[in-house]
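# Per-entry structural report
One-letter residues, chain by chain:
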Amino acid sequence: MKNNDIAHHALQEVEHGVLSFLKNWTLPAAMLTGTVVYLVFAFVPQLDSFGNVAGPIFDEILPAFMFMILFVTFCKVDFRKLIPVAWHWWVALLQTVFIFIVVGSILAFDIKGNNLILMEALLVCIISPCAAAAPVVTQKLGGDIEQMTTYTFLTNFITAALVPICFPLIDKDVDMTFMQAFLLILYKVCIVLVLPMLLAYIVKHHMHRLHRWILSVKDLSFYTWAVSLSIVSGATVKNIVHADTSLMFLLLIAILGLLLCIVQYAIGRYVGHFFGTTIESGQGLGQKNTAFAVWMAYTYLNPVSSVGPGCYILWQNSINSIELWLHRRQNK
């Protein structure tokens, strides 16, 4: 009997250890899960038929996950506090300056071929708006969710304004008018950001029981985001595996994406140092809506450039994981 008790206690310890590890390292576990699942389905022929059916389904449910993440996040927001503050304008200005530096370099030096693809990969990672999940991470790090939500809206309008200006300059084959591209991006912004915010506002002010239940589920938006990150990671690996270029060139794009990710987080945090908003400013400039960036690269630029934001997904969430780990250590 004692042996059974010891075995049961040991099993409980193992389960507790596994659950604790998954809780503390949710983002790396999600990325690893998505990567492994894709590789299994990609290289096991017997799973081809199921993979062909499941792939489009995951593509369809991903926007639903993003909608749910934002809806739950906005349920926690005080809508009266959604106003621009000083760091918003400085970080937005820096993003705009970086964009014009890249575009200006392409035009000034008449960059073409693989070098142009590299620059396009960097550009989409800069011009992309702040990630819809940035308020989720900011809140987990102890930052201001209202300030982060406000900046998420602001940076989406910056992207909508600058993409129709910049992309036709660097790629003459891009066939878009300013108003067409602006309205298309604005439509996507409304679907991704405005609708969940309106629904959250209605629930918060008119459906109090549902609102209390949503708030009672701890970290609901965070773990929903982790599931979506797993799907995005699998899609990223798929894009990398099927990219029509050499392995060395893919590695170069990945390395440049890593450097850019570190630089954007670091500069964002430096700006925030002057306003007491290092967390918010770092996430604002560093954490990007990479799924949107991949779509922009595929739609308007060389498809290989989409590997840049694809790798950026992995880098930014690795940085987010380190930030969360440091935050846990400081609050023990």
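Shown above is the structure to which this text applies.
Below, the structure is looked at part by part. (Residues numbered from 1 in each chain as written. Predicted model: local features only at pLDDT ≥ 70, side-chain atom pairs only at ≥ 80, totals over all residues. Heavy atoms only, no water.)

### Focus on the pattern of salt bridges
The final tally for this structure, using the stated rule, is three salt bridges. Two residues, Lys-112 and Asp-110, come together in a salt bridge whose shortest N-O distance is 3.3 Å. Exposure class is identical for Lys-112 and Asp-110. Each is exposed. The partner of Glu-323 in a salt bridge is Arg-269, and the shortest N-O contact between them spans 3.5 Å. Residue Glu-323 is found in helix α14 (residues 307–330), and its partner Arg-269 is found in helix α11 (residues 247–273); the two are separated by 54 residues along the sequence. For Arg-269, a relative accessible area of 33% corresponds to the partly exposed category. (Salt bridge = Lys/Arg side-chain N within 4 Å of Asp/Glu carboxyl O. Buried < 20%, exposed > 50% of the residue type's maximum accessible area, 1.4 Å probe, protein only. Helix = DSSP H or I, 4+ residues; strand = E, 2+ residues; numbered from the N terminus.)

### What to know about the side chain of Glu-120
One can find Glu-120 in helix α5 (residues 113–127). In this structure Glu-120 touches Ile-170, Asp-171, Leu-301, Asn-302 and Ser-305, once residues within four positions along its chain are discounted. (Contact = heavy atoms within 4.5 Å.)

### Section: unusual backbone geometry
If you check the backbone angles, Asp-110 has positive phi at about 50 degrees while not being a glycine. Assignment of secondary structure puts Asp-110 in the loop between α4 (86–108) and α5.

### Some points on the packing of aromatic side chains
Applying the stated criterion across every chain yields a total of seven aromatic pairs. Look at Trp-87 and Tyr-151: their rings are 5.2 Å apart centre to centre, the planes differ by 40 degrees, and that puts the pair in the tilted class. In this pair, Trp-87 sits in helix α4 while Tyr-151 sits in helix α7 (residues 145–170), placing the two residues 64 residues apart along the sequence. An identical accessibility class is assigned to Trp-87 and Tyr-151; each is buried. Taken together, the ring pairs in this structure connect Phe-167, Phe-292, Trp-295 and Tyr-300 into an aromatic cluster. (Phe/Tyr/Trp six-rings, centres within 6.5 Å; stacked < 30°, edge-to-face > 60°.)

### Quick look at the environment of Gly-234
As for its position among the elements, Gly-234 is in helix α10 (residues 220–241). Along the primary structure Gly-234 and Met-31 are separated by 203 residues, whereas in three dimensions their C-alpha atoms are 7.7 Å apart. Ignoring anything within four residues of it in the chain, the contact list for Gly-234 reads Gly-34, Thr-35 and Tyr-38.

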